[in-house]
Amino acid sequence: MTAVAATPDTVLFEPRTAERRRAVALAALAAVGLAAAFALLLERFAVLEDPTHVPSCTLNPILSCTSVMTSEQASVFGFPNPLIGIVGFTVVLTAAAGMLSGARFGEWYWLALQAGVTFGVVFVHWLAFQSLYRIGALCPYCLVVWAVMIPLFLSVTLRNLQRWQLSLTRPARAALAVAVDYRSTILTAWYLTIALLALQRFWFYWSTLLP
Amino acid sequence: MKTDAAAANPPRPLSPRVRSALIAGALVVVAITGLLIYALATGPRGPAPRQEAGALPATRADSYVLDDAGPGAPTLVEFMDFECEACGAFYPVVEQIREQYAGQINYVIRYFPIESHANAMNAALAVEAAAQQGQVEDMYHRMFQTQAEWGEQQTSQADLFRSFAEDLGLDLAAYDDAVADPATQERVQQDLDDGQALGVQGTPTFFLDGQRLELSSVSDLTDALDRALDESGGA
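Residues numbered from 1 in each chain as written. Chains lettered and ligands numbered in written order. Predicted model: local features only at pLDDT ≥ 70, side-chain atom pairs only at ≥ 80, totals over all residues.

Focus: the overall build of chain B
We apply this condition: Going along the chain from the N terminus, every DSSP run of H or I of four or more residues is numbered as a helix, and every run of E of two or more is numbered as a strand. For every residue, the other C-beta atoms within 10 Å of its own C-beta are counted; 20 or more classify it as buried, 12 or fewer as exposed, and values in between as partly exposed. C-beta atoms are placed from the backbone. Our contact criterion uses C-beta atoms placed from the backbone: two residues qualify when those atoms are within 7 Å.
When you go through chain B residue by residue, the secondary structure sums to 10 helices and five strands. Looking at chain B as a whole, 34% of its 235 residues qualify as buried. Within chain B, contacts between residues separated by at least 24 positions form 76% of all contacts whose residues are at least 6 apart in sequence.

Here it is, written out as structure tokens:
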């Protein structure tokens, strides 16, 4: 019974159920991210057509797509950021659907996904910083993108590190095993950190909502 | 016997997944508890301001009444942030309404600079400094007409606002003194505090005869004004 128990050194190939579960998670996260990026782009078009249009995600001075969408940071690369999300999340969604239908992707494909989600997670944190401390508003659809980007990054990264762990040092492998076991704690702590920063930053506003 | 059973059936350790979920849950609970304690310690906003005798509804005696049709007329109060885009978008609408209802309603402006707008307070101070020289309305127009030039910027636009004062022919020495005077900021803060106590959550927020208006279109505003005028005797 204990003979088959996985130790950090032996987990090279996961059971298919774990792979499936990951594919389902990737597909769901990418679909949500895609929907948010799409909605954001539609609102962007609506504002371009009619500058007085109030987007569905502009709820109050702090939760406001308008302030965020019209900022310089909203098109860092010269075109609206949601376009990146629409392309990127579609790639992940398609790949995850492929996995679910039985496709196996080469390691170079996973490497490319890793590059994509790494860019995504860094970009999202840069945007979070800008949103909190430079623009001074939060855009709900953007929050959705942040929220899916983090687990997407964790999931792909942990999968890849497990797959490539033979090239890791022993302590790194042990740390990886802990990270894999405690990924829900990592994700929660990550979310909480951002949530608390947002609460702290806009406390002057949230406190006015208290009864 | 008892020890045998214990040995045969050792308590199963929690699987790492379950343990991780428990720790995550504990983190959330700790965070929420901490937050609640903090919220209770810092306290909610103060009590609603008392309506000053002689002042129009939802205003103070020193509030700026841009259109004065007398105490019997409906009173429209706007809490505004000069940097807020929605206020800028409402500005032409409000101007049209002021023209349309000229002589029938009171129109009062009150400051509600939002902290996330870097120049909202600077703009409010400039308007208040101009107000002390009797030019509140000119500065109010100037702010909204130029909002696109200076809004949404992180750097201080105080120099630009000073140039507005210069254009308006204000006494610049008095203007500078007023902007630097903590009392000017307190005057703005007073409106902000009153607004929060009245339940203002964003800008622009309109009050008609002390009642907060929930607007989804311009006609909501004119409809409310028409109703108020009907009630006050169809001026």
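Description of the overall build of chain A
A tally of regular secondary structure across chain A gives eight helices and zero strands. Of the contacts made within chain A by residues no fewer than 6 positions apart, 76% connect residues no fewer than 24 positions apart.

Observations regarding the interface of chain A and chain B
Under the convention used in this document: Three residue categories are used. Nonpolar comprises Ala, Val, Leu, Ile, Met, Phe, Trp, Tyr, Cys and Pro, charged comprises Asp, Glu, Lys and Arg, and polar comprises the others, including Gly.
Contact with chain A, which involves 24 residues of that partner, is made by 27 residues of chain B. A total of eight residues in the side of chain A that touches chain B trace back to one element, the largest contributor, which is helix H7 (residues 183-201) of chain A. Of the residues in the side of chain A that touches chain B, the class split is 11 nonpolar, 10 polar and three charged.

Thoughts on the nonpolar core
For the record, the criterion: By convention in this section, buried Ala, Val, Leu, Ile, Met, Phe, Trp, Tyr and Cys residues joined through C-beta atoms within 7 Å make up a nonpolar core.
If you look at the biggest cluster of nonpolar residues, it comprises 48 residues, and the most contacted ones within it are B:Phe82, B:Ala123, B:Ala124, B:Ala126, B:Val127, B:Ala130 and B:Ala165. Examining the composition of this core, we find that 10 residues originate from one element, helix H4 (residues 120-131) of chain B, more than from any other. If we skip the residues at most four places from it in the chain, B:Ala126 touches B:Met139, B:Phe161, B:Phe164, B:Ala165 and B:Val179. Within the second largest apolar cluster, 38 residues are counted, among which are A:Cys57, A:Cys65, A:Tyr141 and A:Met149.

Description of the sheet that holds strand S5 (residues 211-212) of chain B
Residues and elements named next belong to chain B. The following threshold applies: Pairs of strands are assigned from DSSP output, requiring at least two bridges between the strands.
Strand order in the open sheet made by the five strands is S1-S3-S2-S4-S5, with mixed pairing throughout. Unpaired on one side and paired on the other, strand S1 (64-67) and S5 mark the two borders of the sheet. With four bridges connecting them, strand S2 (residues 75-80) and strand S4 (residues 205-208) associate as antiparallel partners. If you follow Leu76 over to S4, its bridge partner there is Leu208.

Digging into unusual backbone geometry
Residue and element names in this part refer to chain B. Put simply, Thr203 and Pro204 share a cis peptide bond, and its omega is -10°. Note that Pro204 resides in the loop between helix H9 (182-197) and S4. Even without glycine at this site, Ala58 takes up a positive phi of about 60°. Residue placement: Ala58 occurs in the loop between helix H2 (16-42) and S1. Taking the C-beta count within 10 Å as the criterion, Ala58 has 26 such neighbours and is therefore assigned buried.

Topic: helix H1 (residues 16-49) of chain A
Residue and element names in this part refer to chain A. The test is simple: Here the expected span of a helix is defined as 1.5 Å times the quantity of residues minus one.
End to end, H1 covers 49 Å across 34 residues, agreeing with the expected 50 Å (1.5 Å per residue, within 8%). Buried residues of H1: Leu26, Leu29, Ala30, Gly33, Leu34, Ala36, Ala37, Leu40, Glu43 and Arg44, and no others. If you follow the buried residues of H1, they end up packed against helix H2 (65-69), helix H3 (82-100) and helix H5 (140-163).

Observations concerning the pairing of S4(B)
Residues and elements named next belong to chain B. In this structure, S4 lies alongside S5, joined through two bridges in antiparallel fashion. Bridge pairing in S5 places Leu208 opposite Gln211. Between the antiparallel neighbours S4 and S5 lie two residues, among them Asp209 with a positive phi of about 50°.

Remarks on the packing of helix H4 (residues 107-135) of chain A against H5(A)
Residue and element names in this part refer to chain A. The test is simple: For every element, the axis is a line fit to its C-alpha atoms; helices are fit only across the contacting stretch, and the angle between N-to-C directions ranges from 0 to 180 degrees. The hand of a helix crossing depends on one turn: near helix anticlockwise from the far one by less than a right angle means left-handed, and clockwise means right-handed.
Contact geometry of H4 with H5 gives a least axis separation of 9 Å together with a crossing angle of 145°. For the pair H4 and H5, the sense of crossing is left-handed. For the pair H4 and H5, the contacting residues are Trp110, Leu113, Gln114, Val117, Thr118, Gly120, Val121, Val124, Leu127, Ala128 and Ser131 in the first and Cys142, Val145, Trp146, Met149, Ile150, Leu152, Phe153, Val156, Thr157 and Asn160 in the second.

A short note on helix H7 (residues 158-167) of chain B
Two residues of an α-helix separated by three or four positions point the same way, owing to the 3.6 residues in each turn. Residue and element names in this part refer to chain B. Rules: In this context, the arc is that of the directions from the helix axis out to the C-beta atoms.
Of all the positions in H7, only Phe161, Phe164 and Ala165 are classed as buried. Projected onto a plane normal to the axis of H7, the buried residues spread over an arc of 100° and lie on a single side. Away from the buried face of H7 by more than 90 degrees, exposed residues Asp159, Ser163, Glu166 and Asp167 are located. Contact partners of the buried residues in H7: H4, helix H5 (136-145) and helix H8 (172-180).

Describing the packing of H4(A) against H7(A)
The angle between the axes and the distance between the axes are what describe a pair of packed helices. Residues and elements named next belong to chain A. Quick note on the threshold: Should an angle fall under 35 degrees it is called roughly parallel, over 145 degrees roughly antiparallel, and 65 to 115 degrees roughly perpendicular, with every other angle called oblique.
At a closest axis distance of 10 Å, the pairing of H4 and H7 adopts a crossing angle of 15°. In terms of orientation, H4 lies roughly parallel with respect to H7. Seen from above, H4 lies across H7 with left-handed handedness. When H4 is examined against H7, the residues Ala128, Leu132 and Tyr133 are found in contact with a partner set consisting of Ile194, Leu197, Ala198 and Arg201.

Regarding the confidence of the model for chain A
Residues and elements named next belong to chain A. Note the following rule: Scored from 0 to 100, pLDDT reflects the predictor's confidence in each residue.
For chain A, per-residue confidence averages 88 on the pLDDT scale, and residues scoring 70 or more make up 91% of the total. Summarising per-element confidence for chain A, the mean pLDDT is lowest in helix H8 (residues 203-206) (76) and highest in H3 (96). A low-confidence stretch, residues 1-6 stays under pLDDT 50, and its non-local contacts, those more than four residues away or across chains, total one contact.

Observations regarding the environment of A:Glu72
All names here are of chain A. Relative to the helices and strands, Glu72 is located in the loop between H2 and H3. Owing to 10 C-beta atoms within 10 Å, Glu72 belongs among the exposed residues under this scheme. The spatial distance from the C-alpha of Glu72 to the C-alpha of Ile135 is 9.4 Å, given a sequence separation of 63 residues.

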